[in-house]
Amino acid sequence: MQTVTASSTPVRTRVRWGNLLNVVSRFGALSFLTALCIVFAILEPAFLSTVNIFNVLRQVSIYGLLAVGMTFVILTGGIDLSVGSLLALSGLVCAAVEKGGTGLLSVTAGEAKGYGLLTAVVAAIVVGLAGGMLQGLGVSRLGVPPFIVTLGGMSAFRGAALLFSQGQPISGFREAYRFWGQGMIGPVPVPVIFFLVFAAIAHIVLRYTKYGRHIYAVGGNREAARLSGLNIKWLVLSVYVISGFFAGLSGFLLSSRLNSAEQVAGIGYELTVIAGVVIGGTSLTRGGEGSIFGTVIGVLLIGVLSNGLTLLNVSSYFQQVIIGLIIVFAVFFDQLAKSARR
Amino acid sequence: MDDNVLLRMENVSKAFPGVQALARVSLEARAGEILGLVGENGAGKSTLMKILSGAYPMDSGQIYLQGQPITIKDPHHALQLGISVIYQEFNLMPNLTVMENIFVGRYPGDSIFVDYRQLFRQTEELLSRLGVSLPPTAIVRDLSVAEQQMVEIAKALSMQVRVIIMDEPTSALSGAEVQVLFNIMRELKRQGIAVIFISHRLQEVLTICDHIMVLRDGRNVGMLTAAEATEDKLVSMMVGRSRDEFFHKEHRKSRVKARPGAPQLSAVRQNDVILEVRGLTRRGSKFDPSAIVVKDVSFDLRRGEILGLAGLVGAGRTETVRLIVGADKRDAGEIYIDGVPVDINSPLDAIRHGIGYVPEDRKEQGLILNQALHFNISLPSLARLTRFGFVGQAQERQSVQQFVTQLQIRTPSLDQIVWNLSGGNQQKVVIAKWLMLRPKILIMDEPTRGIDVGAKAEIYALMDELARSGVSIIMVSSELPELLAMSDRIVCMAEGRVTAILDVSEATPEIVMRYCTVQHETLHVEAVQSNG
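Notes on the structure follow. (Residues numbered from 1 in each chain as written. Chains lettered and ligands numbered in written order. Predicted model: local features only at pLDDT ≥ 70, side-chain atom pairs only at ≥ 80, totals over all residues. Heavy atoms only, no water.)

1. As for the sheet that holds strand S6 (residues 83-86) of chain B
All names here are of chain B.
Thinking step 1. If you trace the six strands from one edge of the open sheet to the other, you get S6-S7-S8-S3-S9-S10, paired in mixed fashion. At either end of the open sheet lies a strand with only one pairing partner, and these are S6 and strand S10 (219-225). Each strand axis lies, on average, 20° off the axis of its neighbour in the sheet, ignoring direction.
Thinking step 2. Pairing geometry for strand S7 (residues 163-167) and strand S8 (residues 194-198), over five bridges, is parallel. Paired with Ile 165 across the two strands is Ile 196, which belongs to S8.
Thinking step 3. Sheet strands in contact with helix H5 (residues 145-158) are S6 and S7, and its direction is about 175° off that of S6.
Thinking step 4. Sitting on the sheet, helix H6 (residues 175-190) touches strand S3 (34-39), S7 and S8, and the angle it makes with S8 is about 150°. (Pairing = 2+ DSSP bridges. Helix = DSSP H or I, 4+ residues; strand = E, 2+ residues; numbered from the N terminus. Axes fitted to C-alpha atoms, helices over the stretch in contact; angles between N-to-C directions. Contact = heavy atoms within 4.5 Å.)

Structural data, given as structure tokens:
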């Protein structure tokens, strides 16, 4: 009798733990974000002001755009370390086209000698797409691991940015250019609109289209996907192109927001972006698991944490320590929940 | 009791979930003798070997070494006891030299430096004892498969082993290399070692072994001395099981059967032939291009026919069908569908030509395990369900539901993650996924492996229904009863070649097994014949 009781108790506890973990894993990042917001709101009422909320959103919008692209890459089981460098390169190209060449440094704002805003934005995006395509070809055609290809890209694009700009920033844009990074539509900063719109589009693509299904299939089991007639090489190539697109767009938006395109822009962004994606529940180790919704939450979580801690006068050094711990624990909980479910 | 008995296994049993792999198997290996171990796929040879090597614990039974009861804890312990297994896949470090590989972990010298001179001498001496001339300083990667095998054997010998078990050691060797291996085995005999030789090649077993033991369905069938054994005797012992558990052949009679032996490459192609395969060839990996995995395979598939592909492990059946569906690149050969040559270079090409492929390993190749049932079933058919890039979810669910009902897939909902389904239901998901494409040709590789009896019967019934509705099926199977009951014709393969194409009316387990164990030297004539 006694043995029966002794053995049944731990089983029951494990089941309950499993259920709890299930809930935590499915809504883990979201519930943590909510809890964090409540705590910050109590400790510092200014946190909940409209200005501050949009401030947080504006801060995360560039990371967020990059993270949307990164989600595609990570879903296929890859990674893109080059986004920060590609952002810097495309930002510089964008600025140079806008201003009519790299020689015209620090021209006063308001002059329109360049090739126009639209051309500039297109140029930035083309640079991003081309950079992404090169890396995608490296991964899909040459079969070099994504980590290595994009590590190379990270260095090469940064170097290209330095070569292109001769080490000098290009700054001082006219109003029409600055609007896209600094402006507001109503109370909403423009980059935030970009972030939310593209997140919504990406969500729809991944959730409701054939292409989205294929992305999950490639990440979930590449061999089964291939035998099901999916064009793996093309699909893998495409996600790096998508990531490149967002790097190009972000290059433009960041240069606009800072009123300056610099070769040092976006250094270290790749890590924050990957952190956001991972905290949002997209698995780095098992492809084909994750969502754009999770990524948005993950990126917001990082933004809220750093904003709230700043409001509470916690040093930015310490913030980095906390974010590091959260990445590890987010993945730990994710794994725990997955193993409980199986 | 026989003093010579070095290793004795008594009543050894081992069960895996759903399978009794070994049931009270006993075995005796004598010092200075070679014991042959033969049996069909799944007869329990590998399990027996893994128990001896310490890779699996046994459920019950006893093992004695020189009369002393022993318990083999793990592979390392097996080696300490003096039992070594030479696997088909070698455990060598390809970038190190022969001598480093042989004495790895036991280098002469002090605790810091290796005494290479001493190592060289020891290796030379060891190799000459085996009658092998290999430079001790050669890099293993540069050696041929046969030479690498010699290194493995030398390594075992260097550890003072008394029992050496060889798993299909000749399968990758040429005729001359086999003779060299046999000389080494005879040398091992002379040194008083007990050798256990596992092989599909009955002629070789008859040539080299002193005793031959036959396993079937995890049981001892008998032990013969080399003198009393013949190929026929062995084959009938290997297959002689009670004919058939759960199916009857009557239902097949209603199906119109195609006649065999029709001229295969006539100017006017027979219009009931849907798929023709001619001279399909694939060479081995880039590391070993000399090995040919699929050699000049030709056969026809007729409309509404179930064509069985029989063969033992390594016969090249899976490799052949993978060439047909474009999963691997072929080095030579043509494929015709409805008499028209087609170029299939990827699974997508195969799908476009109406070929579906249920792969051998559903978890590794068939399913996206972390996705829902509907996701998996509709994956190859999405193009049909998509409008402007968007998947028509209602239409998708409706189609999927239809197959879930037809195949009686037991699942709480279409959103169930396939990971959570039973093996049989997972297999049905893989089949449903291909049926939804409405294929003309369905290739099923081991469609009933690892699933329960009920699900098996359902899959058989489904295959029958499909064939009757005009779908042509190629079934690869390692289960002879299944092949004999389901197929209209059976293609027998051995060592990458077609050895015979039999009509089911002329096929018996003995005949099929006979053709699956022939060596290529002897079947030259038949191969020529089957090529017409």
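2. Examining helix H12 (residues 292-311) of chain A
Residues and elements named next belong to chain A.
Thinking step 1. Between its first and last C-alpha atoms H12 spans 28 Å; for 20 residues at 1.5 Å apiece the expected length is 28 Å, and the two agree.
Thinking step 2. Across the 20 residues of H12, 16 count as buried, placing the element largely inside the fold.
Thinking step 3. Two or three places before Gly 294, at the start of H12, stands the capping residue Ser 291, its side-chain oxygen 3.0 Å from that residue's backbone nitrogen.
Thinking step 4. Asn 313 occupies a position one or two residues after H12 and carries a positive phi of about 60°. (Expected span 1.5 Å × (residues − 1). Buried < 20%, exposed > 50% of the residue type's maximum accessible area, 1.4 Å probe, protein only. Polar contact = N/O pair within 3.5 Å; in protein donor to acceptor, adjacent residues only side chain to side chain.)

3. Considering the interface of chain A and chain B
Many analyses report the size of an interface as the accessible area lost when the parts associate.
Thinking step 1. With 23 residues of chain A in contact, the opposing surface of chain B contributes 32 residues.
Thinking step 2. For the pair chain A and chain B, the summed buried area comes to about 2200 Å², and 58% of that belongs to carbon and sulfur atoms.
Thinking step 3. Joining chain A to chain B, the criterion identifies two salt bridges.
Thinking step 4. Among the ionic pairs, Glu 396 of chain B bridges to Arg 213 of chain A, the shortest N-O distance being 2.8 Å.
Thinking step 5. Where chain A meets chain B, there are 11 residue pairs in polar contact (both at pLDDT 80 or more).
Thinking step 6. Secondary structure elements with two or more residues in the side of chain A that touches chain B: helix H7 (190-208), helix H8 (210-220) and helix H9 (222-227) of chain A. (Buried area = accessible area lost by both parts, 1.4 Å probe. Salt bridge = Lys/Arg side-chain N within 4 Å of Asp/Glu carboxyl O.)

4. Examining the side chain of Glu 231 of chain B
Residues and elements named next belong to chain B.
Thinking step 1. Mapping Glu 231 onto the fold places it in helix H8 (residues 231-239).
Thinking step 2. Under the relative-accessibility criterion, Glu 231 is labelled buried at 15%.
Thinking step 3. At a separation of 3.4 Å, a polar atom in the side chain of Glu 231 contacts the side chain of Arg 514.
Thinking step 4. Among residues more than four places away in sequence, those in contact with Glu 231 are Leu 202, Gln 203, Leu 206 and Arg 514.

5. Some details on the sheet that holds strand S13 (residues 306-310) of chain B
Residue and element names in this part refer to chain B.
Thinking step 1. The six strands lie next to each other as S16-S19-S20-S13-S21-S22, forming an open sheet whose pairing is mixed. Edge positions in the sheet fall to strand S16 (355-358) and strand S22 (497-503), since each has one partner strand and no second. The sheet shows a mean angle of 15° between the axes of neighbouring strands, taken without regard to direction.
Thinking step 2. Taken together, the four bridges between S13 and strand S20 (residues 472-476) define a ladder with parallel strand orientation. Opposite Ile 306, over in S20, you have Ile 473 as the bridge partner.
Thinking step 3. With respect to the sheet, helix H16 (residues 423-435) is in contact with S16 and strand S19 (441-445), its orientation differing from that of S16 by roughly 170°.
Thinking step 4. Docked against the sheet, helix H19 (residues 509-516) engages S13, strand S21 (489-494) and S22, running at close to 35° with respect to S21.

6. Considering the packing of helix H11 (residues 269-279) of chain A against H12 of chain A
All names here are of chain A.
Thinking step 1. Direction vectors running N to C along H11 and H12 enclose 125°, while the axes themselves pass 7 Å from each other. Judged by the inter-axis angle, H11 sits oblique to H12. Once H11 is placed against H12, the crossing between them reads as right-handed. Residues Thr 272, Ala 275, Gly 276, Val 277 and Ile 279 of H11 pack against Thr 295, Gly 298, Val 299, Leu 301 and Ile 302 of H12. (Parallel < 35°, antiparallel > 145°, perpendicular 65-115°, else oblique. Left-handed = near helix turned anticlockwise from the far one by under 90°.)

7. What about the pairing of strand S4 (residues 60-65) of chain B?
Residue and element names in this part refer to chain B.
Thinking step 1. Here five bridges tie strand S1 (residues 5-16) to S4, and the two strands are oriented antiparallel to one another. Its bridge partner being in S4, Leu 7 is matched across the sheet by Leu 65.
Thinking step 2. Where S4 and strand S5 (residues 68-70) come together, three bridges link them in antiparallel fashion. Its bridge partner being in S5, Ile 63 is matched across the sheet by Ile 70.
Thinking step 3. Counted between consecutive antiparallel strands, the loop separating S4 from S5 contains two residues, among which Gln 66 sits at a positive phi close to 50°.

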